[in-house]
Amino acid sequence: MTQIELQGISKSYGRLAVLKNCDLAMQSGQLLCLLGNNGAGKTTFLRIVSGLLSADKGKLLIDGEEWSLKSPEWRRKCALVAHKTFLYQNLSGLENMRFFSRLYQREFSEEELRKRLADTGLTRSADKQVRLYSRGMQQRLTLARALLSDPDFVIMDEPFTGLDKDGSALLVRMLAELKQQGAMILMTSHDPQAAFAVTDGFVRLSMGVFGKVSLVDGKGWNELEPSLYPQNTPEGQTA
Amino acid sequence: MKNWLSTLKTLIWKDLLQEWRSKDMLTAMLAFAILSIFIFNYAMELDPRQRAELAPGILWVVITFSGTLGLNRSFVAEQEQGSFDALVMAVPGLASIWFAKQISNFLMMLVLIVIVLPIYSLLYNQNLFIPGLWLTLILGAWSFSAAGTLLASMTAQTRMRDLLLPVLLFPILMPVNMAVVKAGTGIMTGAALASYQVWLSILLVYGIIMTTISFMVFDYVILE
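What counts and how
Residues numbered from 1 in each chain as written. Chains lettered and ligands numbered in written order. Predicted model: local features only at pLDDT ≥ 70, side-chain atom pairs only at ≥ 80, totals over all residues. Heavy atoms only, no water. Helix = DSSP H or I, 4+ residues; strand = E, 2+ residues; numbered from the N terminus. Rg over C-alpha atoms; globule rule 2.2 N^0.38 Å. Buried < 20%, exposed > 50% of the residue type's maximum accessible area, 1.4 Å probe, protein only. Contact = heavy atoms within 4.5 Å. Pairing = 2+ DSSP bridges. Axes fitted to C-alpha atoms, helices over the stretch in contact; angles between N-to-C directions. Core = buried A, V, L, I, M, F, W, Y, C linked by side-chain atoms within 4.5 Å. Buried area = accessible area lost by both parts, 1.4 Å probe. Salt bridge = Lys/Arg side-chain N within 4 Å of Asp/Glu carboxyl O. Polar contact = N/O pair within 3.5 Å; in protein donor to acceptor, adjacent residues only side chain to side chain. Nonpolar A, V, L, I, M, F, W, Y, C, P; charged D, E, K, R; others polar. Left-handed = near helix turned anticlockwise from the far one by under 90°. 1 Å grid on protein atoms, 1.4 Å probe; cavity = no way out; pocket = protein on both sides within 12 Å on 5 of 7 lines; lining within 4 Å. Points joined across faces, edges and corners; volume = space filled by probe spheres on them.

A. Molecular detail of the overall build of chain B. Secondary structure assignment for chain B yields 10 helices and 0 strands. Taking 2.2 N^0.38 as the reference for a compact globule, 224 residues should give roughly 17 Å; the C-alpha atoms of chain B span a radius of gyration of 18 Å, in line with that estimate. Overall, chain B is about 55 × 35 × 30 Å in size when its C-alpha atoms are taken along their principal axes. When each of the 224 residues of chain B is scored for burial, the buried share is 53%. Looking at chain B alone, contacts between residues at least 24 apart form 80% of all its contacts between residues at least 6 apart.

B. Here's a closer look at the sheet that holds strand β4 (residues 57-62) of chain A. Residues and elements named next belong to chain A. Judged by pairing direction, the sheet is antiparallel, and its 4 strands sit side by side in the order β2-β1-β4-β5 without closing on themselves. Where the open sheet ends on each side, the last strands, each with one partner, are β2 (16-27) and β5 (65-67). With strand direction ignored, the average angle separating the axes of adjacent strands in the sheet is 25°. As paired elements, strand β1 (residues 3-13) and β4 share 5 bridges and run antiparallel to each other. Bridge pairing in β4 links Glu5 to Leu61.

C. Spotlight on the nonpolar core. Counting 124 residues, the largest nonpolar core has Leu24, Phe45, Trp74, Phe153 and Leu186 of chain A together with Ile97 of chain B as the members making the most contacts within it. It is helix α6 (residues 95-124) of chain B that provides the largest number of residues to this core, a total of 14 residues. For Phe153 of chain A, the contacting residues outside a window of four places in its chain are Ile4, Met26, Val49, Trp74, Lys77, Cys78, Ala79, Met184 and Leu186 of chain A. Of all hydrophobic cores here, the second largest spans 29 residues; its members include Leu35, Ala79, Val81 and Leu143 of chain A.

D. Focus on the interface of chain B and chain A. Of the residues lining the interface, 28 residues belong to chain B; the matching set on chain A comes to 30 residues. Summed over both partners, the interface of chain B with chain A buries about 2700 Å², with 58% contributed by carbon and sulfur atoms. By the criterion of area lost to chain A, the three top residues of chain B are Arg21, Gln81 and Met89 of chain B, representing 27% of everything that side buries. Applying the counting criterion to the chain B and chain A interface returns 2 salt bridges. For Arg47 of chain A, the salt bridge goes to Asp85 of chain B, with nearest N and O atoms at 2.7 Å. Across the contact surface, chain B and chain A share 12 residue pairs in polar contact (both at pLDDT 80 or more). Every element with two or more residues in the side of chain B that touches chain A is listed here: α1 (2-22), α4 (76-80) and α5 (83-90) of chain B. Looking at the side of chain B that touches chain A element by element, the count peaks at 10 residues for α1 of chain B. Its residues assigned to classes, the side of chain B that touches chain A shows 13 nonpolar, 9 polar and 6 charged.

E. Molecular detail of the packing of helix α3 (residues 93-103) of chain A against α5 of chain B. Taken N-terminus to C-terminus, the directions of α3 of chain A and α5 of chain B make an angle of 35°; their axes are 9 Å apart at the nearest point. Considering the relative orientation of α3 of chain A and α5 of chain B, their crossing is right-handed. Two secondary-structure elements touch here, α3 of chain A through Phe99, Phe100 and Leu103 of chain A and α5 of chain B through Ala86, Leu87 and Ala90 of chain B. Classifying every residue of the contact of α3 of chain A with α5 of chain B by side-chain character gives 6 nonpolar, no polar and no charged.

F. Region of the structure containing empty space enclosed by the protein. Residue and element names in this part refer to chain B. Scanning all chains against the criterion turns up 1 cavity of 30 Å³ or more. Considered as a void within the structure, the largest cavity measures approximately 50 Å³ in volume. Around the largest cavity, the lining residues are Leu11, Lys14, Asp15, Phe75, Glu78, Phe84, Leu87, Ile97, Ala100 and Lys101. Sorting the residues of the lining of the largest cavity by element identifies α1, α5 and α6 as the ones contributing at least two each.

G. Structural context of the pairing of strand β7 (residues 153-157) of chain A. Residues and elements named next belong to chain A. When you tally the buried positions in β7, you get 5 out of 5 residues, the bulk of the element. Here β7 shows a buried face lined by Phe153, Ile155 and Asp157 and a second buried face lined by Val154 and Met156. Bridge analysis of strand β6 (residues 78-81) against β7 gives 4 bridges, and the strand direction is parallel. Directly across from Leu80, in β7, lies its bridge partner Ile155.

H. Representation of the environment of Leu16 of chain A in the model. Residues and elements named next belong to chain A. Of note, Leu16 is situated in strand β2. With a relative accessible area of 55%, Leu16 lands in the exposed category. Sequence separation between Leu16 and Gly208 is 192 residues; the distance between their C-alpha atoms is 9.9 Å.

As structure tokens, this is what we get:
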């Protein structure tokens, strides 16, 4: 059982403090959903965690041992699904998969890559260039691409965006499988109820500070909502 | 090292395949280069001696200006869908991203040179198939792509990249521009090697220094 801790993550853009001493702990097989209004700093936090953006302050501990958030070893343990698809539009779905698998030094056979595409419902589009894919198909391919490295830590920024009902169900199924395999998943969502089926807990980022983690533990959304959105916190202040 | 080379090969394969399918860079570069050569041809009435003296200068202006258009487009695929982030997360060493892009850009410059020189040769009725001249242009293209790729990776993230890249690049390339033109003129006019050897050395050293610096600072440029 691996545990990671992010301690005191802070980030400012000029005078604007976006993140103030944010702490978060997660363990293998856990999925946390990060909530927050537009501009709350969720994406900034995810980019810092994935090693793409430098934090002003803060550290990462894996099983108590300190790691650099900017080290290639950490970045290669992570997978990121963001607003943009990260796909090459003039390459086919299969070529994109082959390209990224080679970068991760994982030589999958063509059959294996096709199987992974088939698992995301892209069997017939595997050889088409990605620019011919719909947004939802690109999102499915993005998921398949992100999981090529069998990551320990999966970071997802609004992964339900662009997915139809089947696509959302597929994503929920994939998340459940990832959890079973022991991956940690940190995702943001404007629609927490969409991820409710697989989420272990919610944490809200407001005014640059993380609230307390609210674990689901069999509770319904109606029971959790008051602790995540206390009535005395005006929504307008959180942006 | 083996992994690093394999990553490099994969990245170059991706760049070349993308370019082969989109022809984004080459179309812009070639259209500009060929038009420029035609304009120079009509604008200047030159006798054979002047042609030999001016050919390296005209050619280098055409090649660098066209090359800048190409550099501006070299990170478009990465910018469009944010795939640069995916590359940063996937590769073991970030310098491989820069080096692969630099080699791809250099190969585009070579294609440009291979197409432009015969056209120029035909229009000006001048023999440009001189190994020394080709070597000078190739060394110049290497330095150009080494400095240009690093700057393009920085300006690609700005809104004014089309303007910013040439403004930053051309001052840095001053030694290269001078060296290519001086060495090229020496070669074309049949001067003794000793008279332009120093310019060839400058080209070589500049290429090595710029490649080394880019290797060293690319991580910082990308992550900071």
